[in-house]
Amino acid sequence: MSDQYREAVEFYDHFAQYAERPDIGFYVEEGRRARGPVLEIGCGTGRVLIPTARAGAIIAGLDASAAMLQRCREKLADEAAEVRARVALHEADMRAFDLGRTFALVTIPFRAFQHLLTIEDQLACLRCIHRHLVPGGRLIMDLFNPSLDLLANRPVNVEQKEGEPFALPDGRRVQRSFRIGAQDRFSQVNDVDLIFDVVGGAPPSRSVQAFRMRYLFRFEAEHLLARGGFVVEHLYADFDRAPYGSVYPGDLIFLAVKAS
Ligand SMILES: C[S@@+](CC[C@H](N)C(=O)[O-])C[C@H]1O[C@@H](n2cnc3c(N)ncnc32)[C@H](O)[C@@H]1O
């Protein structure tokens, strides 16, 4: 598969909306509670994985992007030896992997599951996870809750700036914009472009990260989890554990247990 993150990896950790995402504390707490090793699927640059390892969890990270994993390794090199010793990284596809070990908790943070575009791929991933969990082990994944207003009214093929330009370590400033190139309401797949414009001072340049993302509705995801062999224990709308239904659209944060 192509590495959809190769172009954008240099920007990933510097975009404030990612760096300040309130999911880190939530996943760190769950990693601590797991009382056993954790597997993070789609671990990327280690935005969640590294704080989880710092908090004492033994954690494996799996990702299909060699570029994102390389960035994660570079960041880990700056960590204390005992943090590094708790981490293992694997380049693999979440739809077909065999790590030869089991985990107390598997997480799929920041909507990585939505990169899977078909029910077959989604089930293949859930079955892999099921095999990698100890009896009674848990799966936590978050998705965005599709906003009916945005689905109906969001303009297609229009670039929208996301916040102010952010700085890279070398001083360049980057404006990120977002564009939905196409919205297929039948297959529930959006074509997304994340646009990175280097602005001010440095020679202007543009990189575009293009990918497709499938949205899932609440009950669809619950049925899918049941088919994959999971029982939903909790569904939150926010990382402060606000219950589903308390904010709209909020997120879909599933805590599920492996059915025996
Ligand atoms: C939005 S990023 C999330 C990264 C990290 N978990 C975080 O929260 O910052 C999604 C990640 O999923 C990975 N990914 C996408 N499709 C994948 C697949 N089929 N198998 C494994 N990883 C995949 C991407 O390479 C990317 O690193």
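Residue positions are given per chain, counting from 1 as you read along its sequence in written order. Predicted model: local features are reported for residues with pLDDT of at least 70 only, side-chain atom pairs are reported and counted for 80 or more only, and whole-chain, interface and lining totals are derived from all residues. Where side-chain values are given, they derive from all heavy atoms of the structure, hydrogens and water being excluded.

### Quick look at the nonpolar core
Part 1 of the argument: What makes a nonpolar core is a set of buried Ala, Val, Leu, Ile, Met, Phe, Trp, Tyr and Cys residues whose side-chain atoms join them at distances within 4.5 Å. Burial classification: accessible surface area is computed with a 1.4 Å probe over protein chains only, and a residue below 20% of its type maximum counts as buried, one above 50% as exposed, and the rest as partly exposed. Among the nonpolar cores identified, the biggest contains 32 residues, and Leu39, Ile41, Phe97, Phe113 and Ile129 are the most heavily contacted of them.
Part 2 of the argument: Counting from the N terminus, the helices are the DSSP runs of H or I reaching at least four residues and the strands are the DSSP runs of E reaching at least two. Contributing elements (two or more residues each) for this core: strand S1 (38-41), strand S2 (59-63), strand S4 (103-108), helix H7 (119-131), strand S5 (133-144), helix H9 (218-227), strand S11 (230-236) and strand S12 (251-258).
Part 3 of the argument: Broken down by element, this core gets its largest block of residues, five residues, from H7.
Part 4 of the argument: Residues are treated as being in contact if the distance between any of their heavy atoms lies within 4.5 Å. Residues in contact with Leu39, not counting those within four places in the same chain, are Ala60, Leu62, Phe97, Leu99, Phe103, Leu105, Val106 and Thr107.

### Some details on empty space enclosed by the protein
Part 1 of the argument: Definitions used for this entry: grid spacing 1 Å over protein atoms alone; cavity, a set of points where a 1.4 Å probe fits but cannot get out; pocket, an open set with protein on both sides within 12 Å along at least 5 of 7 lines; lining residue, one with an atom within 4 Å of a point. Grid points are joined across faces, edges and corners, and a volume is the space filled by probe spheres set on the points. Within this structure, the stated rule accounts for one cavity of 30 Å³ or more.
Part 2 of the argument: For the lining of the largest cavity, the class distribution of residues is four nonpolar, two polar and one charged. Put simply, Ala, Val, Leu, Ile, Met, Phe, Trp, Tyr, Cys and Pro go in the nonpolar bin, Asp, Glu, Lys and Arg in the charged bin, and everything else, Gly too, in the polar bin.

### Examining the site of the ligand
Part 1 of the argument: Throughout, the term near means that a residue has one or more heavy atoms lying within 4 Å of the molecule or strand in question. Inspection of the region around the ligand gives 19 residues, with Tyr12, Gly42, Arg47, Asp63 and Met94 positioned closest.
Part 2 of the argument: Whenever a nitrogen or oxygen atom comes within 3.5 Å of another N or O atom, the pair is scored as a polar contact, on the condition that within protein one atom can donate a hydrogen and the other can accept it, and that pairs from neighbouring residues in sequence are kept only if both atoms are in side chains. Here Gly42 contributes a backbone N or O atom positioned 2.6 Å from a nitrogen atom of the ligand.
Part 3 of the argument: The separation between a nitrogen atom of the ligand and a polar side-chain atom of Asp93 is 3.1 Å.
Part 4 of the argument: For the shell around the ligand, the residue count by class is eleven nonpolar, four polar and four charged.

### What to know about the domain arrangement of the protein chain
Part 1 of the argument: Once the domains are mapped, the protein chain shows domain 1 (9-146 + 216-258) and domain 2 (148-214).
Part 2 of the argument: Here the bounds of each domain stem from an automatic or database domain assignment. The straight-line distance from the C-alpha centre of domain 1 to that of domain 2 is 24 Å.
Part 3 of the argument: Contact with domain 1, which involves 20 residues of that partner, is made by 20 residues of domain 2.
Part 4 of the argument: Around 1,800 Å² of area is buried between domain 1 and domain 2 when both sides are counted, 61% of it from carbon and sulfur atoms.
Part 5 of the argument: As used here, buried area is the combined drop in accessible area, with a 1.4 Å probe, of two parts when they are placed together. Contact with domain 2 buries area across many residues of domain 1, yet Phe11, Phe15 and Leu117 alone supply 37% of it, more than any other trio.
Part 6 of the argument: Salt bridge, as used here, is a side-chain nitrogen of Lys or Arg placed within 4 Å of a carboxyl oxygen of Asp or Glu. Applying the counting criterion to the domain 1 and domain 2 interface returns two salt bridges.
Part 7 of the argument: Across the pair Arg172 and Glu10 runs a salt bridge whose closest N-O atoms are separated by 2.9 Å.
Part 8 of the argument: Our count for the domain 1 to domain 2 interface comes out at six residue pairs in polar contact (both at pLDDT 80 or more).
Part 9 of the argument: Those elements that place two or more of their residues in the side of domain 1 that touches domain 2 are helix H1 (9-12), helix H2 (16-19) and H7.
Part 10 of the argument: Residue composition of the side of domain 1 that touches domain 2, grouped by class: eleven nonpolar, six polar and three charged.

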